[in-house]
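# Inside the fold
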Amino acid sequence: VLSHNLCTVLNVPHDPVALEEHFRDDDEGPVSNQGYMPYLNKFILEKVQGNFDKVEFNRMCWTLCAKKNLSKSPLLISDEDAFKVWVIFNFLSEDKYPLIIVPEEIEYLLKKLTEAMGAGWQQEQFDHYKVALNTSREGLSAWELIDLIGSGQFSKGMDRQTVSMAINEVFNELILDVLKQGYMLKKGHKRKNWTERWFVLKPNIISYYVSEDLKDKKGDIILDGNCCVEALPDKDGKKCLFLIKCLDKSFEISASDKKKKQEWIQAIQTTVNLLRAGSPPPHKEARQKRKELRQKLLAEQEELERQMKELQTANETKQKELETVRKQLEAAAARAAEEEKKRLQTQVELQDRFSLELEREKMVRQKMEEQVAQKSSELEQYLQRVRELEEMYKQLQEALEDEKQARQDEETVRKLQARLLEEESAKRAELEKWHLQQQQTIQMTEAEKQELENQRMIKEQALQVAMQQLEQLELERKEALEQYEEVKKKLETAANNTKSWKDKVAHHEGLIRLIEPGSKNPHLITNWGPAAFTEAELEERQKSWKGKKATSE
């Protein structure tokens, strides 16, 4: 059943024969002792082409593991919201098993949820939670993350519906790659009528549906690097218009207000720019940058730990050398003590012997006084013994010189030990300097983050100023249109007055006449060209002029 459902969800043809062959039994039990994973990898996962519904696949995996691992305690979120949090966890977790989500990604997710709920982010509260978390483990599992969000620890004062809407919005952005969505009016290509549709913007496509439940899909707008979007003036009673131009077709769309219009234009233009540059969606690119930053910091930390281990190893080596030198010093001191003891013992023996010899000499002298001639040979022996004593005395002096040299060697070793201790102090100072450099690097990262935030605020302010200027230009255009209408009316009135005046003048001079077919007689030619009257008409006008002249005289 599991294999059949996996093949159905992943759009892979199910091979029951391979399944039966892999798990076939004989008289002694199952032949295969490798378990289910080899079959899953070979006959199902290796055949996946990528053309399957990832949400349905996640839902199937959720069905397999949720009942066993989901907390039994009551949560502020529904099972559907818990499923969406579980899918988001799989997207943000680290690429190693067992899966965990590190504190940086937890902070990113909670900030997104807080922003979607319209609440303020409590950085101090999260810092306390992060400190408590770092002391016990590296991150949270999926079920611990669901418990954290479902407990309402970071959504106090929010009702279940608000939290659910925030989870759904973050799920659409991170998992379904929904960059923007909302209702707008679309102009038809055949009937040219305007219809309200629910638009969904993704990294390479804009889909539009009858409603936001996404059940009845009406069409798609395929985006690529050749597409462009531009604002249109108001027409046909529609406002906030903009046009999406593609290679084969263009789409006229009307937003609900100017703000929505600008947001959609900016979102679509950003998507087209990403397609031209071949870049991933913003949230995936941001996740990759956060991961690379964590890997960089981890590498620096590992390098620092390696250097500390090397220093520790060098320190241990120095300690061993110092211990060896100390043992050598102790052995030299022991040998010196032994030699001193032997020297003292020899001296005592020599003194005892010398005393005995003196006593003997006294006796000999007494005997020699008595028997000088007889003891001449004994006197020679005595002189020989004195020479031996002198030789022994010289040996004693040499032993004292050896002791003095041993003491000088001991002093040299002590100086060597002091120099090694100074080198160890220098190494410790250098380690502290590296630690300080790491702290400065972290502070610079925080400063860059703050600078990016400031630049974003400046761009938002510039956008607001541009919107205000656009509204001012709109008002000025309307005033110019009104002035143009007034001037047009004045020109029409002046034209009518001029025409009436010309009619009166023409009537008074007798220049108005009906346009009749001209005479077949040739017309007169004046210096301005062909005349507008015949010779008969000229004679009549001459008679009229003469009559008027006679009357005036």
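In this text the structure is predicted, and so the values were computed from the model without any measurement.

Turning our attention to the domain arrangement of the chain. By domain assignment, the chain separates into domain 1 (1-173), domain 2 (178-280) and domain 3 (385-429). Taken over C-alpha atoms, the centre of domain 2 sits 94 Å from the centre of domain 3.

In this section: the nonpolar core. Of all hydrophobic cores here, the largest spans 40 residues; its most connected members are Trp62, Trp86 and Ile146. When residues of this core are traced back to their parent elements, those giving at least two are α4 (54-69), α5 (79-92), α6 (103-117), α7 (123-134), α8 (142-150) and α9 (160-174). It is α5 that contributes the most residues to this core, 9 residues altogether. Other than its neighbours up to four places away in sequence, Trp86 contacts Asn58, Cys61, Trp62, Cys65, Ala142, Trp143 and Ile146. One finds Leu223, Ile253, Ala267 and Ile268 within the second-largest nonpolar core, a separate group that totals 21 residues.

Here 7 strands make up an open sheet; going across it, the order is β6-β5-β4-β3-β9-β8-β7 and the pairing antiparallel. One side of each edge strand has no neighbouring strand; the edge strands of this open sheet are β6 (217-222) and β7 (228-232). Direction aside, the axes of adjacent strands within the sheet are offset by 35° on average. Bridging between strand β4 (residues 194-202) and strand β5 (residues 205-209) involves 5 bridges; their strand directions are antiparallel. Paired with Leu201 across the bridge in β5 is Ile206.

In this sheet, β4 lies alongside strand β3 (residues 180-187) in antiparallel orientation, the contact comprising 8 bridges. Counterpart to Lys186 in the pairing with β4 is Thr195. The antiparallel hairpin formed by β3 and β4 contains 6 residues in its connecting segment, where Lys192 sits at a positive phi of about 60°. A loop of 2 residues connects β4 with β5, the two strands running antiparallel in sequence.

Analysis parameters
- Starting afresh in each chain, residues are numbered from 1 along the sequence in its written order.
- Where local features are concerned, this predicted model is filtered to residues with pLDDT of at least 70; where side-chain atom pairs are given and counted, the filter is 80 or more; whole-chain, interface and lining totals use all residues.
- Remark: hydrogens and water are excluded; side-chain values derive from all non-hydrogen atoms of the structure.
- Segmentation of the chain into domains, including their bounds, is taken from an automatic or database domain assignment.
- For the purposes of this section, nonpolar cores are sets of buried Ala, Val, Leu, Ile, Met, Phe, Trp, Tyr and Cys residues that join through side-chain atoms within 4.5 Å.
- Partly exposed describes any residue whose relative accessible area lies between the buried limit of under 20% and the exposed limit of over 50%, with all areas from a 1.4 Å probe on protein chains only and scaled to the type maximum.
- Each helix is a run of DSSP H or I of at least 4 residues and each strand a run of E of at least 2, with the numbering of both proceeding from the N terminus.
- Any two residues whose heavy atoms approach within 4.5 Å at even a single point are treated as in contact.
- Strand pairing is assigned whenever DSSP detects at least two bridges linking the two strands.
- For helices, the fitted line uses only the C-alpha atoms of the stretch in contact; every axis is such a line through C-alpha atoms, and the angle between N-to-C directions lies from 0 to 180 degrees.

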